Amino acid sequence: MSKLLVTGGAGFIGSNFIHYWLRTHPGDQVVNLDALTYAGHLESLKDIEGNPNYTFIKGDITDAADVEKAMAGVDMVVNFAAESHVDRSIMDPSPFINTNVMGTGVLLATALKHEVKRFHHISTDETYGQLGLNDPPFTENTPYRPRSPYAASKAASDLLVISYYRTYKLPITITNCGNNFGPYQDPEKLIPRFITNLLEGQKVPLMGQGENIRDWIFVLDDCSSIETVLLHGQVGETYCIGGDQQRNIEVTRKILKALGKDESWIERVADRLGHDFRYALDDTKLQNLGWKPEFNFDQGLDETIKWYKENEWWWRPLKQGRPNVDASAQKSYGQ
Ligand code: NAD
Ligand code: TDX
């Protein structure tokens, strides 16, 4: 029996992970430390509120006292807490530097003091930069070349995590994952934004030419890959988690088709500043630990569309009164 501290557990991947872990490890205890920013939704955890093995603590990972309280008796830390939306980082990088870098620093110092058995840090493919159409996928050995403030803040946090292993021997692992999608994803991100816009009778804002490529993974497959690394990963190592590559225009067409809409529902909007062209990940190292994804992109998309159709109670309040993040309004140097 283990006690896990999950940070950012009221967010998209964190809430899916808590559900997943309590289902697959029913004897374990899970503590969820989350500041409940605009991206934290306790509604995502409504069904487990009464579970005696689950505790929620409202607190900030940049606050040493909050983290100290949450870390008591913890065996493993899984750090999901972050500012996660690239467009918001283009509008204002400061919360990204604060939470992603400073917050990870506080977690690491506290984890070392408490001598936790594992500190697992959730990272992203965006730390590696962007790929051209014919470049080979990123591997764990690809140098970090982050381009957005979000990606740079994640890269900085990863380097801090690695430094705690090299300097203090804190038993860390890291996963660098592609674009997750599935239930409980905030409607600011591409797939849930497009599904919910169409369900509300609004057009879908496709940036630029729609030619950008992302490496998509259904969130439950990400959860099982994190579990694999927690149970079988080697301390001090990074693992890339790959999925299915799709162009944004292809993703858009699949969503339109599934919801019975034609391409007149696409609204072409200005491109994201510094928009990364393509991400792709080689996950051979992870597959060598025995992990395999269960969902391909189309299966995951069917599940996701079904979930958003059936769970309007969850996403409708999130869209009401919230201004769209329009990073295209942000000017670049000299403009
Ligand atoms: P999310 O934005 O949905 O959730 C983030 C959660 O962290 C929210 O519940 C928020 O309230 C909480 N949080 C933010 N600042 C905090 C702070 N200072 N203290 C405590 N809690 C705080 O994010 P997500 O999409 O679930 O991503 C989770 C992690 O996975 C992030 O580290 C992100 O960088 C990484 N990641 C995400 C994806 C993806 O496609 N979503 C892909 C690769 C990696
Ligand atoms: O309205 C939109 N229109 C659009 O064309 C949105 C929200 C996005 N896009 C494009 C931009 C990207 O090419 O779709 C692609 C996906 O965009 P996002 O959903 O914002 O994700 P991305 O920027 O790729 O980053 C995601 O994956 C990696 C997560 O938000 C990060 O947290 C993760 O690290």
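Heads up: the structure comes first, above all this text.
No experiment lies behind these values; they were computed from the predicted model shown. (Residues numbered from 1 in each chain as written. Chains lettered and ligands numbered in written order. Predicted model: local features only at pLDDT ≥ 70, side-chain atom pairs only at ≥ 80, totals over all residues. Heavy atoms only, no water.)

### Brief notes about the nonpolar core
Inference 1: Ranked by size, the top nonpolar core spans 24 residues in total, and within it Phe 181, Ile 191, Ile 195, Ile 255, Phe 297, Leu 301 and Trp 314 carry the most contacts.
Inference 2: Those elements that place two or more of their residues in this core are helix H6 (190-199), strand S8 (204-207), strand S9 (213-218), helix H8 (248-258), helix H10 (297-310) and helix H11 (312-319).
Inference 3: Setting aside chain neighbours within four positions, we find Ile 191 in contact with Phe 181, Trp 216, Val 251, Ile 255, Phe 297, Leu 301 and Thr 304.
Inference 4: Counting residues in hydrophobic clusters, the runner-up holds 23 residues, among them Met 71, Val 74, Val 77 and Tyr 164. (Core = buried A, V, L, I, M, F, W, Y, C linked by side-chain atoms within 4.5 Å. Buried < 20%, exposed > 50% of the residue type's maximum accessible area, 1.4 Å probe, protein only. Helix = DSSP H or I, 4+ residues; strand = E, 2+ residues; numbered from the N terminus. Contact = heavy atoms within 4.5 Å.)

### A short note on the side chain of Gln 246
Inference 1: Looking at the secondary structure, you find Gln 246 in strand S11 (residues 244-247).
Inference 2: Accessibility expressed as a relative area gives 9% for Gln 246, which makes it buried.
Inference 3: Here Lys 254 takes part through its side chain, which lies 3.1 Å from a polar atom of the side chain of Gln 246.
Inference 4: Beyond its immediate chain neighbours, meaning those up to four positions away, Gln 246 contacts Asn 212, Ile 213, Arg 214, Trp 216, Val 251, Lys 254 and Phe 297. (Polar contact = N/O pair within 3.5 Å; in protein donor to acceptor, adjacent residues only side chain to side chain.)

### So, the sheet that holds strand S1 (residues 3-7)
Inference 1: Spatially, the seven strands line up as an open sheet ordered S3-S2-S1-S4-S5-S6-S10, and their pairing is parallel. The sheet terminates laterally at strand S3 (54-58) and strand S10 (238-241), the two strands that pair on one side only. Looking at each pair of strands side by side, their axes are set apart by 20° on average, direction ignored.
Inference 2: Here S1 pairs with strand S2 (residues 29-34) via five bridges, running parallel. Each residue of the ladder has a partner; that of Thr 7, found in S2, is Leu 33.
Inference 3: Against the sheet, helix H7 (residues 219-232) touches strand S4 (76-79), strand S5 (118-124), strand S6 (172-177) and S10, its axis set at about 145° to S5. (Pairing = 2+ DSSP bridges. Axes fitted to C-alpha atoms, helices over the stretch in contact; angles between N-to-C directions.)

Everything listed here is a matter of coordinates, which is why it stays silent on function.
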